[in-house]
Amino acid sequence: ISDAGLNVSSIKGQANPISDGVECPVCRRGFLGPYAMPHFVLHYRTVHLKIKKYPCALCGIRFSRITNRNRHQKTCQNKQYYRYLDPNI
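Read on for a plain summary of the structure.

This part takes up the overall build of the protein chain. Counting its secondary structure elements, the protein chain contains three helices and five strands. Listed by position from the N terminus, the elements making up the protein chain come as α-β-β-β-α-β-β-α. Taking contacts inside the protein chain between residues at least 6 apart in sequence as the whole, the part at least 24 apart equals 19%. Roughly 6,500 Å² of accessible area belongs to the protein chain as shown, and the carbon and sulfur atoms make up 53% of that amount.

Okay, structure coming up:
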């Protein structure tokens, strides 16, 4: 799914305001504190819309969070290196 036509204000409009935060209208998960809205937006995009914006430069697998992609690329790079040394792996 692409987020080409989706903007942050439309996602923010989906949130249910609760005291000190917001609640996801789909799964009812609550987000509290000063960063409640950005956390809700990230949650909504990655969990419910399944948007994966970060591809691995080596194998092309896509990830919804850059931290997961970066962790994957470290192991993927090792696999590529060992495959270069021994193509039978």
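Further remarks concern the packing of aromatic side chains. One pass over the structure, following the stated rule, counts two aromatic pairs. An aromatic cluster of at least three residues, connected via ring pairs, comprises Phe31, Phe40 and Tyr44.

Here we take up the environment of leucine 42. Structurally, the position occupied by leucine 42 is in helix α2 (residues 36–48). The spacing of leucine 42 and isoleucine 11 is 31 residues in sequence and 9.6 Å in space, taken between C-alpha atoms.

What follows covers unusual backbone geometry. Even without glycine at this site, arginine 28 takes up a positive phi of about 65°. As for its position among the elements, arginine 28 is in the loop between β2 (21–23) and β3 (30–32). Judged by relative accessible area, which is 55%, arginine 28 ranks as exposed. The backbone of lysine 50 shows a phi angle near 60°, a positive value even though the residue is not glycine. Along the chain, lysine 50 falls in the loop between α2 and β4 (54–55).

The sheet built from three strands is open, its strands ordered β1-β2-β3 with antiparallel pairing. The open sheet has two free edges, formed respectively by β1 (16–18) and β3, since each of these has just one partner strand. Each adjacent strand pair in this sheet contributes to an overall mean axis angle of 25°, direction not counted. Taken together, the three bridges between β2 and β3 define a ladder with antiparallel strand orientation. The partner of glycine 21 across the bridge, within β3, is leucine 32.

Each value, and the rule that gives it
Residues numbered from 1 in each chain as written. Predicted model: local features only at pLDDT ≥ 70, side-chain atom pairs only at ≥ 80, totals over all residues. Heavy atoms only, no water. Helix = DSSP H or I, 4+ residues; strand = E, 2+ residues; numbered from the N terminus. Contact = heavy atoms within 4.5 Å. Areas by Shrake-Rupley, 256 points an atom, 1.4 Å probe, with all protein chains shown as cover. Phe/Tyr/Trp six-rings, centres within 6.5 Å; stacked < 30°, edge-to-face > 60°. Buried < 20%, exposed > 50% of the residue type's maximum accessible area, 1.4 Å probe, protein only. Pairing = 2+ DSSP bridges. Axes fitted to C-alpha atoms, helices over the stretch in contact; angles between N-to-C directions.

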